[in-house]
4 protein chains.
Amino acid sequence: MKGKMRAIKLFCDYEPKKEYRLTHYELTTKKIWDSSSVWRNPRVEMVEVDIPQIGPRDVLIKIKSCGICGSDLHFIEYDEDNYMLYPGHGRFENIILGHELSGVIVEIGSEVVDFKPGDYVTAEEMTWCGECVACRNGFPNQCERLEEIGVTYDGGWAEYLVAPAKLCWNINGFKEIYKDEKLLFNVGATIEPNSVAYNAIFERGGGIKPGHRVVVFGCGPIGLFGISQLKKAGASKLMVFEPGEGRRKLALEMGADKVFDPAEIENSGNRMEDVILEETNGQGADFYLESSGATEVTMPSMLNALSVNAKIILVAWPPKPVPTDFKKMFPRASQIYCSMGHSGNGTFENVIRLISAGMIHPEKIITSSYPLLKGIEAIEVAKKREAAKIMLNP
Amino acid sequence: MKGKMRAIKLFCDYEPKKEYRLTHYELTTKKIWDSSSVWRNPRVEMVEVDIPQIGPRDVLIKIKSCGICGSDLHFIEYDEDNYMLYPGHGRFENIILGHELSGVIVEIGSEVVDFKPGDYVTAEEMTWCGECVACRNGFPNQCERLEEIGVTYDGGWAEYLVAPAKLCWNINGFKEIYKDEKLLFNVGATIEPNSVAYNAIFERGGGIKPGHRVVVFGCGPIGLFGISQLKKAGASKLMVFEPGEGRRKLALEMGADKVFDPAEIENSGNRMEDVILEETNGQGADFYLESSGATEVTMPSMLNALSVNAKIILVAWPPKPVPTDFKKMFPRASQIYCSMGHSGNGTFENVIRLISAGMIHPEKIITSSYPLLKGIEAIEVAKKREAAKIMLNP
Amino acid sequence: MKGKMRAIKLFCDYEPKKEYRLTHYELTTKKIWDSSSVWRNPRVEMVEVDIPQIGPRDVLIKIKSCGICGSDLHFIEYDEDNYMLYPGHGRFENIILGHELSGVIVEIGSEVVDFKPGDYVTAEEMTWCGECVACRNGFPNQCERLEEIGVTYDGGWAEYLVAPAKLCWNINGFKEIYKDEKLLFNVGATIEPNSVAYNAIFERGGGIKPGHRVVVFGCGPIGLFGISQLKKAGASKLMVFEPGEGRRKLALEMGADKVFDPAEIENSGNRMEDVILEETNGQGADFYLESSGATEVTMPSMLNALSVNAKIILVAWPPKPVPTDFKKMFPRASQIYCSMGHSGNGTFENVIRLISAGMIHPEKIITSSYPLLKGIEAIEVAKKREAAKIMLNP
Amino acid sequence: MKGKMRAIKLFCDYEPKKEYRLTHYELTTKKIWDSSSVWRNPRVEMVEVDIPQIGPRDVLIKIKSCGICGSDLHFIEYDEDNYMLYPGHGRFENIILGHELSGVIVEIGSEVVDFKPGDYVTAEEMTWCGECVACRNGFPNQCERLEEIGVTYDGGWAEYLVAPAKLCWNINGFKEIYKDEKLLFNVGATIEPNSVAYNAIFERGGGIKPGHRVVVFGCGPIGLFGISQLKKAGASKLMVFEPGEGRRKLALEMGADKVFDPAEIENSGNRMEDVILEETNGQGADFYLESSGATEVTMPSMLNALSVNAKIILVAWPPKPVPTDFKKMFPRASQIYCSMGHSGNGTFENVIRLISAGMIHPEKIITSSYPLLKGIEAIEVAKKREAAKIMLNP
């Protein structure tokens with residue numbers, strides 16, 4: 001397809017901090033593992049660019065919805081030295097953002113057999129090569145040549161997106177459950193963050209047994225989606241710690257059994273572990289999902305309220321090393337897992353099935369949606385962190 | 001406690017079939033692995049016996065409820081040669097039956113520290129020694145000196161029962177959710193069969209991932225409890241095959257998404273696998289729970305509708321060798337697990353938590369309850385297989 | 001590269017048996033799941049054909065060694081109705097055979113980055129698409145569009161082979177351990193069958209714990225390679241049942257602790273399970289690798305000598321349904337896995353590491369090697385089943 | 001048995017540090033979780049005491065060998081404030097030390113059926129009750145009422161020991177492989193520390209796949225036994241970091257492929273991760289066993305050289321919180337396990353099988369053995385940390 005389209009771009013300056021040792025990978029690809037040490041002066045702009053062209057194994061997606069993610073905000077926000085806040089992987093020199101997306105296929109490459117124009121789809125953001133050793137060994141999220149939609153190449157805050165067909169998942173089945181098309185695509189655009197939570201909980205963490213008692217820290221979208229999944233997996237008591245009142249309310253709607261305000265606990269002279277121990281008759285929680293990123297604060301509480309064989313799953317990246325008192329884990333036969341990505345292992349497929357079956361309802365946390373052209377304004381609203389999930393609809 | 005009590009006893013004759021090779025274990029213990037080859041002329045009788053006496057590590061339970069299990073019926077029923085139908089483990093010469101039980105502790109042994117008189121409890125039926133190699137290695141259901149309440153020693157179709165304290169589980173917490181005491185204890189008495197299903201699905205079979213598509217064959221209590229657990233664990237489509245109309249209805253109440261009558265399928269010229277494949281877009285089911293025992297019939301259907309990496313869990317014992325076309329499993333990377341028992345691995349604990357949290361509702365399948373004194377009559381009703389679960393209340 | 005090359009082709013007639021229901025997949029691809037029901041009158045011929053041309057993501061390999069596999073023989077041999085013996089997957093109308101191969105890369109496609117001309121390589125036979133749902137979910141051996149080198153498209157009984165680069169594995173490191181180039185490549189060509197055994201044991205079967213007691217049935221190459229791997233994984237007692245005297249000797253060389261001739265056991269009035277039970281103090285074996293294909297005979301022996309939590313791994317396809325007395329598995333908490341293929345999960349990588357470290361020695365079972373031009377003669381020798389492994393060297 | 005015996009006792013003063021919050025468990029049992037915060041002025045003495053009496057489920061063992069463990073030294077050594085160095089669990093007021101033991105049964109309790117006088121045995125040190133929830137759920141090392149031989153009650157630095165029969169393991173089979181009785185019992189006394197390593201590696205950590213590349217930090221006995229087990233489990237490259245030259249030499253004897261002196265690496269301007277990355281072609285190690293306790297130093301090296309899906313197993317307790325840069329774990333899909341104890345899961349059984357099969361040789365690290373009566377002197381020698389393993393022979 002030829003023509004122009006509107007899109008929201010991020011521009012940054014490549015200024016590695018002196019103390020940051022760039023690896024060979026980073027030097028040769030400009031994909032940086034700690035973006036906060038390299039990308040400076042981030043700024044977003046609404047631009048007009050050519051509609052991108054597909055290769056033989058790609059599809060062209062007319063974007064219908066694309067979310068604003070917490071990571072997106074960290075790409076845009078910066079510290080006192082004007083360095084990007086985001087401590088993860090990215091190539092941000094000049095890129096269309098947006099990686100939680102859905103839309104309609106409008107063109108397919110000559111070798112594409114699994115999709116046809118008109119298909120409703122979402123796409124994995126992790127763009128695994130499929131041929132490196134990590135990919136061949138079943139770890140697409142650890143692809144040695146990892147690219148990421150809206151993070152290392154152009155994403156979905158745009159009217160059109162080119163994606164490899166192998167990343168796309170058909171959501172035509174949503175038509176049976178979501179009669180409103182806008183809602184359908186907004187929900188479709190949440191499959192990516194849902195899958196990040198699912199990958200952390202069920203693939204990396206091995207999931208729970210029905211009856212387990214579970215704690216979630218932090219109610220950004222990953223935490224909230226994690227809550228609904230954990231409840232559907234049979235958590236018999238789901239405790240949530242979150243400072244924001246609105247988000248605590250959402251947590252209850254998503255399936256939390258009990259929500260707690262950490263500040264209030266502190267004010268009452270208690271610690272979070274006291275609450276967890278009380279709620280579990282002193283046994284401690286069986287499963288922790290750390291999606292707050294404030295791991296320095298939550299780690300001691302987790303370590304002091306471990307059930308026997310408890311699992312701790314970190315899905316939010318702690319920006320700095322966390323003092324971790326492993327001594328507490330030995331008598332409890334416990335473990336810590338770190339989770340990145342969402343690809344592989346049936347994750348997208350299972351999330352789509354759960355939504356199609358009406359078992360999880362991501363729409364509950366969609367606060368509002370804006371036309372793409374009001375995207376810059378929407379970003380400003382999102383920066384206030386009052387909303388759970390804001391969508392852009394090109 | 002001294003005195004007399006009423007109880008229902010089973011009497012059998014020990015007449016090993018000629019072709020049955022008794023093992024050393026069987027000869028020395030009279031615990032027979034294939035009871036249908038040894039125990040003859042089973043007959044039940046209401047008797048009056050002494051209230052049993054506790055040892056230092058036992059508790060005396062005043063029985064409040066005890067279920068009639070499908071196995072109990074197979075203990076009592078016999079074939080054309082008057083041999084017991086039950087093909088499993090048992091010592092049935094002279095025994096009080098009943099192994100799905102709940103009650104109130106009325107006495108504790110001198111070394112018991114985890115319970116006190118007045119505690120509401122249920123008990124594991126599997127009586128593991130805790131000291132043999134299998135027990136030490138974490139396989140209590142495979143105890144080398146396995147005894148079983150109501151199967152190798154006196155059970156719960158009685159006013160009182162002596163059980164080792166280590167088999168008991170506290171259900172005082174049920175008081176918060178079941179205000180009716182009779183209902184509370186009837187539900188308490190279903191923890192054992194619930195745990196048989198849970199052990200099969202989650203411990204032996206490793207459970208499902210939320211979103212998986214699941215098939216259950218057979219809607220006796222194990223199948224029905226399995227259905228409610230699988231749905232709570234996140235099955236996105238739960239298909240059930242069961243010939244009995246009433247049981248199909250119960251399956252829907254317990255959480256099945258679709259129920260099918262095998263006879264009707266056959267009449268329409270189809271096979272069960274055709275239905276499963278159609279319901280799963282040709283992918284096949286991810287998880288099978290075989291609780292019908294008609295494995296000769298269900299196995300081919302399972303093998304022809306396997307998803308990639310599908311699991312088949314047999315929880316009902318097929319009485320005879322089953323012709324199994326393993327060829328079908330190779331391209332699907334599939335596996336078969338057999339499950340016996342319910343002890344260990346947090347199973348009782350998790351089932352109790354799920355019930356306490358109001359997440360599973362065993363009472364939905366309790367058809368009726370009879371006073372113990374009408375137990376013989378209740379057994380006759382149960383033999384008709386129209387009811388799901390009949391309870392005796394001493 | 002242009003020019004002619006010599007190769008050994010198989011020709012068959014496509015004559016589906018009347019009772020065989022061809023699936024849509026089979027009809028549209030001519031890839032047949034039960035080849036013994038469709039492919040008739042197999043015949044091999046030495047031919048001269050064009051050297052094949054590479055695509056952008058392929059490599060051209062100058063074949064240095066290619067094994068004759070038991071499956072190859074079943075492709076060529078036929079029953080009384082002239083149907084091929086092989087009961088598995090294949091498209092055999094007109095195909096160069098050979099799938100256990102090694103060689104030197106002589107050309108690479110324009111998009112290939114992981115290999116360069118001169119690299120010593122072997123290749124996976126399973127040709128997974130990398131884009132279907134099974135592949136995306138981490139099951140390349142279950143690829144929905146599976147092709148197989150030397151089984152559905154031209155293989156390695158030829159001077160040159162075209163293979164997708166993503167299937168190749170670098171074995172340059174073998175130069176340090178194998179100074180003789182012919183030996184190096186002969187060993188390189190055994191990585192494929194080694195990986196079939198490894199996939200069955202360690203990926204599908206989850207491996208053993210050091211100290212486990214293990215039984216292997218059948219000492220074809222898969223069984224023999226399995227033996228060496230199981231010993232290296234810590235089997236404390238490795239028992240092998242194999243009728244061929246020469247193969248029993250090889251089993252000992254590969255690491256078996258005890259070898260038994262099933263015929264001799266039978267003659268002495270015993271059964272194989274008696275031997276296993278005696279060797280394990282009555283506990284039974286922890287792990288079974290069934291690589292004989294005579295599963296109808298071995299299954300009862302396995303089921304009668306199961307340790308608690310024993311695993312049975314079928315890697316040889318039983319041609320017919322096997323009467324399986326699952327009753328024996330319940331009290332032993334046991335399971336059966338079926339394994340096909342060798343791709344994914346680090347399998348090729350780990351096998352290559354083990355050989356590079358001198359920890360397993362596949363050369364011990366290479367009986368002889370023939371020039372490709374004497375391939376037809378070599379096949380005749382192989383058909384006698386006296387040799388373990390015969391290689392062709394183009 | 002009546003009479004007197006010689007034994008080595010530890011005496012301490014119970015003086016909880018002010019800042020240490022004693023839990024209810026600690027207050028009521030005097031079993032302290034952080035002994036270094038409570039037990040003061042430790043001193044050992046050779047004493048004469050009554051031979052202990054057995055209960056109905058106990059055995060009386062005539063001790064033949066008992067090791068001096070690194071923990072034993074930490075029980076005896078103290079800091080500048082005279083507090084015991086050991087940061088773990090113990091009740092040290094007045095106790096016979098020694099928990100790595102072997103001997104001959106001389107008396108059995110009235111209910112003991114698995115042992116008879118004359119049996120050669122070793123015993124688990126972890127004394128699990130078998131009846132608490134943790135025990136019932138299969139976690140004996142996490143027993144809620146955990147006692148420990150030689151740590152919370154009288155141990156094996158004595159002529160006789162009473163142990164519950166359920167903790168004992170028969171080693172009569174060693175007679176076939178160790179003809180020298182003293183050697184037999186010395187090896188028997190190493191089963192306990194061998195099992196600590198085995199539990200960490202194979203039970204808690206899930207073991208390795210053959211071909212994996214492995215790093216061990218620290219070559220005390222746990223590290224050295226871990227090395228021999230990991231090699232027997234198929235590690236294709238086993239790298240060891242240890243400052244002591246003698247211990248590095250032992251590491252090679254136990255199966256290490258490469259040993260490194262951390263000081264030397266540092267002197268050359270490198271870090272340990274540089275070495276690991278170089279030895280693994282930049283891929284990082286698949287499995288880490290941290291048995292040095294200097295986790296503050298080793299953690300950064302591990303985190304910078306993680307393979308995809310790498311496992312870190314901590315078996316030595318880091319005395320203080322360790323700053324842990326989890327950010328490094330996300331892109332590598334990695335995890336950390338902490339391991340305590342040795343009971344359950346077939347661990348003792350498998351270790352005994354490996355020794356009986358001549359597959360691991362604990363005697364290689366036994367430096368010397370002393371008569372019990374020279375025990376105080378032996379302890380002084382052990383304190384120098386020049387020896388690997390010193391045994392006491394009563």
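Structure shown above.
Engineer: How should I be thinking about the relation of the copies chain B and chain C in this particular structure?
Structural biologist: By a simple turn and slide, chain B fits onto chain C: the slide is 0.0 Å along the axis, the RMSD is 0.0 Å, and the turn is 180°. The transformation just described matches what one would write down for a two-fold rotation axis. Among all C-alpha atoms of chain B, that of B:Pro323 lies closest to the rotation axis, at 2.0 Å.

Engineer: Teacher, can you tell me more about the relation of the copies chain A and chain D here?
Structural biologist: Relating one copy of the chain to the other takes a rotation about an axis and a shift parallel to that axis. For the pair chain A and chain D, the relating rotation is 180°, the translation along its axis is 0.0 Å, and the fit reaches an RMSD of 0.0 Å. Same-surface contact between copies: 100% of interface residues of chain A are shared with the interface of chain D.

Engineer: Can you walk me through the environment of D:Leu161 in this structure?
Structural biologist: All names here are of chain D. With respect to the secondary-structure elements, Leu161 resides in strand 9 (residues 160–164). Along the chain, Leu161 and Ile54 lie 107 residues apart, while their C-alpha atoms are 9.2 Å from each other. Look past the residues within four positions of Leu161 in its chain and what remains in contact with it is Val59, Leu60, Ile61, Ile63, Leu101, Ile149, Asp154, Gly155 and Gly156.

Engineer: I tried to follow the environment of B:Asp34 on my own but got confused; where do I start?
Structural biologist: Residue and element names in this part refer to chain B. Locating Asp34 in the fold gives a position in the loop between helix 1 (24–29) and strand 2 (39–50). According to the relative accessible area criterion, Asp34 is buried, its value standing at 15%. Residues Asp34 and Pro319, spaced 285 residues apart in sequence, show a C-alpha to C-alpha distance of 9.7 Å. A distance of 2.5 Å separates polar atoms of two side chains, one belonging to Asp34 and the other to Ser36.

Engineer: Explain the interface of chain A and chain D here, please?
Structural biologist: Note on interface size: it is often stated as the accessible area lost on association of the parts. Taken together, the contact between chain A and chain D spans 39 residues of the former and 39 residues of the latter. When chain A packs against chain D, close to 3200 Å² is buried across both sides, 66% of that on carbon and sulfur atoms. Across the contact surface, chain A and chain D share zero salt bridges. Applying the counting criterion to the chain A and chain D interface returns 15 residue pairs in polar contact (both at pLDDT 80 or more). Mapped by element, the contributors of at least two residues to the side of chain A that touches chain D are helix 3 (133–136), strand 15 (306–314), strand 16 (322–324) and strand 17 (335–338) of chain A. Tallying contributions element by element places strand 17 of chain A first for the side of chain A that touches chain D, with four residues. Class assignment of the residues belonging to the side of chain A that touches chain D gives a composition of 25 nonpolar, seven polar and seven charged.

Engineer: Looking at this structure, how should I read the interface of chain B and chain C?
Structural biologist: The partner chain C presents 39 residues to the 39 residues of chain B that form the contact. Buried area between chain B and chain C, both sides added, is near 3300 Å², and the carbon and sulfur share of it is 67%. Broken down residue by residue, the surface that chain B buries against chain C is led by B:Phe326, B:Lys327 and B:Phe330, which jointly contribute 24%. Summed over the shared surface of chain B and chain C, the number is zero salt bridges. Along the contact surface separating chain B from chain C lie 15 residue pairs in polar contact (both at pLDDT 80 or more). Mapped onto the side of chain B that touches chain C, the elements with two or more residues apiece are helix 3 (133–136), strand 15 (306–314), strand 16 (322–324) and strand 17 (335–338) of chain B. By residue number, the principal contributor to the side of chain B that touches chain C is strand 17 of chain B, which donates four residues. Two strands pair when backbone bridges link them, and strand 16 of chain B and strand 16 (residues 322–324) of chain C are joined in this way by three bridges, in the antiparallel orientation. Note that in strand 16 of chain C the partner of B:Pro323 across the bridge is C:Pro323.

Criteria and thresholds
Residues numbered from 1 in each chain as written. Chains lettered and ligands numbered in written order. Predicted model: local features only at pLDDT ≥ 70, side-chain atom pairs only at ≥ 80, totals over all residues. Heavy atoms only, no water. Least-squares fit on C-alpha atoms with pLDDT ≥ 70 in both. Contact = heavy atoms within 4.5 Å. Helix = DSSP H or I, 4+ residues; strand = E, 2+ residues; numbered from the N terminus. Buried < 20%, exposed > 50% of the residue type's maximum accessible area, 1.4 Å probe, protein only. Polar contact = N/O pair within 3.5 Å; in protein donor to acceptor, adjacent residues only side chain to side chain. Buried area = accessible area lost by both parts, 1.4 Å probe. Salt bridge = Lys/Arg side-chain N within 4 Å of Asp/Glu carboxyl O. Nonpolar A, V, L, I, M, F, W, Y, C, P; charged D, E, K, R; others polar. Pairing = 2+ DSSP bridges.

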